[in-house]
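Take a look at the letters that make up each chain.
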Amino acid sequence: MSIRVAVVDDHPVFRLGMVALLGTLDGIDVVAEASSVSQALDVVTADVDVVLMDIELGDGSGIEATGSLLARYPGIRVLMVTMHEDADLLVAAMRAGARGYLVKGADPAGVERAIRAVADGELIVGAAVAEKALGAMTAVRTGAHAAFPELTDREREVLDLVARGYDNATISRRLVLSQKTVRNHVSNVLSKLGAANRATAIVRAREAGLGVRPTSATRTSGPVRSVTDSDRFGP
């Protein structure tokens, strides 16, 4: 049976090129296209097997769109396809429910492998960001849960970035959230920690091990595949 794919990307040249590429692959059928979050929510249905989702869309975030689609259709698999080799974005995408993260520039064979792997239930991450993301996820989960069990995963993620010295605008860009949402998270963190101000929260977070990027690779087990560097071309 064919894998039914929806392509969501606000760059028409890339979207049309991806649709044309997928049209040449046996057993993969493009059944929907969208250039925005609103269009994606309109055209993607339960009949879709895999959604290729860009992160930056004209009217919002592909990460938030992923969460919305999976809330409607839990059986859909989402493969993020983006230009960003950023561990924080990868972590945010996976927490939203994405099953893969592929950097734009993957060659046709790499794209095909990623789609088939995600459709088959595997988790696939491009090699360029895999080690950084695994380390970041481990640092946030192990270093902060014991110290700050009252925080949600998203609040803990925001606190980690605050502890790195990032302002709200930078955190907004890195997590693809609105600045208002980031402000609300920061306010909730300060309230839950009983911190009088941002500086106090930073001190407490760093004492708990947050705010420092891991320097060593972290290994994990399970059905996780990585797209190798040979699967990429271009910048």
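Residues numbered from 1 in each chain as written. Predicted model: local features only at pLDDT ≥ 70, side-chain atom pairs only at ≥ 80, totals over all residues. Heavy atoms only, no water.

By the naming in an unreviewed UniProt entry, the chain is Response regulator transcription factor, taken from Rhodococcus zopfii.

## Re the UniProt feature "modified residue: 4-aspartylphosphate" (unreviewed entry) in the chain
To keep things clear, this is the line we draw: UniProt positions are given in the numbering used here, feature names are shortened, and annotations may be inferred rather than shown by experiment. Only runs of H or I of at least four residues qualify as helices and only runs of E of at least two qualify as strands under DSSP, and these elements are numbered from the N terminus. Any pair of residues with heavy atoms lying within 4.5 Å of one another is described as a contacting pair.
Under the UniProt annotation, the feature "modified residue: 4-aspartylphosphate" (unreviewed entry) is placed at Asp-54. Counting through the fold element by element, Asp-54 comes out in the loop between strand 3 (50-53) and strand 4 (56-57). Not counting residues up to four positions away in its chain, the partners in contact with Asp-54 are Val-8, Asp-9, Asp-10, His-11, Gly-62, Met-80, Val-81, Thr-82 and Lys-104.

## A look at helix 8 (residues 168-175)
Applied cut-off: Here the term buried applies to any residue with accessible area under 20% of the maximum for its type, exposed to any over 50%, and partly exposed to those in between, with areas from a 1.4 Å probe on protein chains only.
With six of its eight residues buried, helix 8 lies for the most part within the structure. Those residues of helix 8 that fall on the buried side of the exposure criterion are Asn-168, Thr-170, Ile-171, Ser-172, Arg-174 and Leu-175. Buried-residue contacts for helix 8 involve helix 3 (62-72), helix 4 (87-96), helix 7 (153-163), helix 9 (179-193) and helix 10 (198-207). Val-176, located one to two residues past helix 8, shows a positive phi value of around 55°.

## Observations concerning the layout of surface pockets
For the record, the criterion: The pocket and cavity definitions rest on a 1 Å grid over protein atoms only: a 1.4 Å probe that fits but cannot leave marks a cavity, an open set with protein on both sides within 12 Å along at least five of seven lines marks a pocket, and residues lining either have an atom within 4 Å of a point. Grid points are joined across faces, edges and corners, and a volume is the space filled by probe spheres set on the points. As a working rule, the residues Ala, Val, Leu, Ile, Met, Phe, Trp, Tyr, Cys and Pro are called nonpolar, Asp, Glu, Lys and Arg charged, and the rest polar, with Gly in that last group.
Within this model, the second largest pocket holds a volume of roughly 170 Å³. For the second largest pocket, the lining is made up of 15 residues, of which Phe-14, Met-18, Leu-21, Ala-106 and Val-111 are closest to its centre. Counting residues per element, the ones that place at least two in the lining of the second largest pocket are helix 1 (12-22), strand 7 (100-103) and helix 5 (108-119). Residue contributions to the lining of the second largest pocket peak at five residues, all from helix 1. Of the residues assigned to the lining of the second largest pocket, the class counts are 11 nonpolar, two polar and two charged.

## Focus on the pairing of strand 3
Put simply, the rule reads: One bridge is not enough; two strands pair if DSSP finds at least two bridges between them.
Here strand 3 shows a buried face lined by Val-50 and Leu-52 and a second buried face lined by Val-51 and Met-53. When strand 1 (residues 3-8) meets strand 3, the two strands line up parallel, connected through four bridges. Each bridged residue has a counterpart across the sheet, and for Val-7 the counterpart in strand 3 is Leu-52. In the sheet, strand 3 pairs with strand 6 (residues 77-82) via four bridges, with the strands oriented parallel. Bridge pairing in strand 6 links Met-53 to Met-80.

## Quick word on the packing of helix 7 against helix 8
How two helices pack is summed up by the angle between their axes together with the distance between the axes. We count it as follows: Axis definition: a line fitted to C-alpha atoms, limited for helices to the stretch in contact. Angles are taken between N-to-C directions and run from 0 to 180 degrees. Should an angle fall under 35 degrees it is taken as roughly parallel, and over 145 as roughly antiparallel, whereas 65 to 115 is taken as roughly perpendicular and any remaining angle as oblique. Each crossing gets its handedness from the near helix: less than a right angle anticlockwise from the far helix is left-handed, clockwise is right-handed.
Running from N to C, helix 7 and helix 8 point in directions that differ by 125°, and their axes come no closer than 10 Å. Between helix 7 and helix 8, the angle is such that the two are oblique. Relative to helix 8, helix 7 is oriented so that their crossing is right-handed. Contacts between helix 7 and helix 8 involve Arg-154, Glu-157, Val-158, Leu-161 and Val-162 from the first element and Ile-171, Arg-174 and Leu-175 from the second. Grouping the constituent residues of the contact of helix 7 with helix 8 by class yields five nonpolar, no polar and three charged.

## Considering the pattern of salt bridges
Rule in force here: Here, a salt bridge means any Lys or Arg side-chain nitrogen found within 4 Å of an Asp or Glu carboxyl oxygen.
Under the definition given, this model contains 10 salt bridges. Here Arg-4 makes a salt bridge to Asp-49, at a shortest N to O gap of 3.0 Å. Of this pair, Arg-4 sits in strand 1 while Asp-49 sits in the loop between helix 2 (37-43) and strand 3; the two residues are 45 residues apart in sequence, bridging distant segments of the chain. Given a relative accessible area of 28%, Arg-4 falls into the partly exposed group. Of the charged contacts, one joins Glu-157 and Arg-154 as a salt bridge, the two residues approaching to 2.8 Å between their closest N and O atoms. One end of the pair is Glu-157 and the other is Arg-154, both in helix 7 and three residues apart, which spans about a single turn. For Glu-157, a relative accessible area of 6% corresponds to the buried category.

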